[in-house]
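Listed here are the chains, written in short residue letters.
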Amino acid sequence: MRVLVVEDARPLAEVIAEGLRDQGMAVDVAHDGLDAAAKLDVNAYDVVVLDRDLPGIHGDTLCQMITERDGRVMVLMLTAADSPGDRVSGLTLGADDYLAKPFHFPELVLRIRALARRRPAARSRTLSAADIELDPMRHTASRDGRQLDLSVKEFAVLEALLNASPAFLSAEGLLEQVWDEHADPFTNTVTVTISRLRRKLGDPPVIATTPGVGYRIIDPAVPPD
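- An unreviewed UniProt entry lists the protein chain under the name Response regulator transcription factor, with Streptomyces castrisilvae as the source organism.

Shown next, in the form of structure tokens:
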């Protein structure tokens with residue numbers, strides 16, 4: 001899952017970003033509306049955590065811009081304005097959810113995951129392919145009933161592959177979905193993470209690699225085409 005945090009209070013923005021990264025999300029940060037608009041033009045996000053009172057482009061205007069775009073992005077408005085009128089006006093602008101500051105961080109995480117599930121192209125709560133099951137909300141994964149002990153990046157890579165299944169997902173696609181905009185596309189971080197994930201998934205192998213194409217989940221019980 002890729003999230004854009006738009007917050008002009010830099011310390012708060014970094015705290016939110018690091019906390020979400022610890023939950024296995026790929027997170028980019030913008031400190032004003034202009035920077036946020038530029039990032040939205042370049043990157044595909046699942047959820048935008050949007051402060052309302054922003055410099056450059058006001059959060060209200062940015063929210064309207066997001067809701068009018070193709071490829072719908074879910075918006076969680078995060079603001080100190082918490083009167084009923086503020087909440088109504090925020091939702092009227094097109095925000096999908098509204099959370100007041102100060103907030104309880106676990107609630108923020110749950111709301112972001114819930115919004116990602118509500119996206120028009122989002123799949124059901126539990127992802128499954130072959131004999132693997134993954135629950136993004138509970139952050140659990142198993143193979144053939146055996147619980148998997150995965151790092152946050154391994155979990156996020158498996159989630160991305162399951163979301164793409166049965167199609168291939170390129171290394172560039174994995175970098176975009178699992179790592180943030182600062183990830184070096186020339187490193188072997190994807191290869192290393194895939195290798196660790198394969199070991200934890202065990203035999204028979206369920207992650208296939210096609211050079212120049214990418215990775216995908218396969219069912220060992222189904223003969224190859």
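Structure shown, so let's carry the discussion forward.
### Quick notes on the overall build of the protein chain
Thought 1: The helix and strand inventory of the protein chain stands at eight helices and 11 strands.
Thought 2: Within the protein chain, the proportion of its 225 residues that are buried is 46%.
Thought 3: Counting contacts in the protein chain only where the partners sit at least 6 residues apart, residues at least 24 apart contribute 57% of the total.
Thought 4: Entry remark: accessible area of the protein chain is about 11,000 Å², with carbon and sulfur atoms responsible for 53%.

### Regarding the nonpolar core
Thought 1: In this structure, Leu-158, Leu-174 and Ile-207 are the most contacted members of the largest nonpolar core, which totals 28 residues.
Thought 2: Listed by contribution, the elements that provide at least two residues to this core are strand 6 (127-129), strand 7 (132-135), helix 6 (152-164), helix 7 (171-178), helix 8 (189-201) and strand 11 (214-217).
Thought 3: At eight residues, helix 6 tops the list of elements feeding residues into this core.
Thought 4: Setting aside chain neighbours within four positions, we find Leu-174 in contact with Val-157, Ala-160, Leu-169, Trp-179, Val-190, Ile-194 and Tyr-215.

### Description of the packing of helix 1 (residues 10-22) against helix 5 (residues 105-118)
Thought 1: It is at 11 Å that the axes of helix 1 and helix 5 come closest, and there the two elements cross at 65°. The two elements helix 1 and helix 5 cross, and the hand of that crossing is right-handed. Between helix 1, through Ile-16, Gly-19 and Leu-20, and helix 5, the contact on the second element is made entirely by Phe-105, Leu-108, Val-109 and Ile-112.
Thought 2: For the contact of helix 1 with helix 5, a count of residues per class yields six nonpolar, one polar and no charged.

### A word on the sheet that holds strand 2 (residues 26-30)
Thought 1: Pairing is parallel in the open sheet, where five strands are placed in the order 2-1-3-4-5. The open sheet has two edge strands, strand 2 and strand 5 (97-100), and neither has a second partner. Each strand of the sheet is rotated relative to its neighbour by a mean of 20°, with strand direction disregarded.
Thought 2: Two strands pair when backbone bridges link them, and strand 3 (residues 47-51) and strand 4 (residues 74-79) are joined in this way by five bridges, in the parallel orientation. Bridging across to strand 4, Asp-51 finds its partner in Leu-78.

### Notes on the pattern of salt bridges
When the charged atoms of two side chains with opposite charge come close together, those side chains can pair.
Thought 1: Inspection of the entire model under this criterion finds 12 salt bridges.
Thought 2: The closest approach of N and O atoms between Glu-18 and Arg-21, which form a salt bridge, is 2.5 Å. Of this pair, Glu-18 and Arg-21 both sit in helix 1, three residues apart, which is roughly one turn of that helix.
Thought 3: A salt bridge links Asp-97 to Arg-111, with the shortest nitrogen-to-oxygen separation between them at 2.8 Å. On the criterion of sequence distance, the pair formed by Asp-97 in strand 5 and Arg-111 in helix 5 is long-range, its members being 14 residues apart.
Thought 4: By relative accessible area, Asp-97 is classed as buried at 17%.
Thought 5: On the accessibility criterion, Arg-111 (24% relative accessible area) is partly exposed.
Thought 6: Salt bridges linked by common partners bring Glu-7, Asp-51 and Lys-101 together as one network.

Conventions used here
- Residues numbered from 1 in each chain as written.
- Predicted model: local features only at pLDDT ≥ 70, side-chain atom pairs only at ≥ 80, totals over all residues.
- Heavy atoms only, no water.
- Helix = DSSP H or I, 4+ residues; strand = E, 2+ residues; numbered from the N terminus.
- Buried < 20%, exposed > 50% of the residue type's maximum accessible area, 1.4 Å probe, protein only.
- Contact = heavy atoms within 4.5 Å.
- Areas by Shrake-Rupley, 256 points an atom, 1.4 Å probe, with all protein chains shown as cover.
- Core = buried A, V, L, I, M, F, W, Y, C linked by side-chain atoms within 4.5 Å.
- Axes fitted to C-alpha atoms, helices over the stretch in contact; angles between N-to-C directions.
- Left-handed = near helix turned anticlockwise from the far one by under 90°.
- Nonpolar A, V, L, I, M, F, W, Y, C, P; charged D, E, K, R; others polar.
- Pairing = 2+ DSSP bridges.
- Salt bridge = Lys/Arg side-chain N within 4 Å of Asp/Glu carboxyl O.

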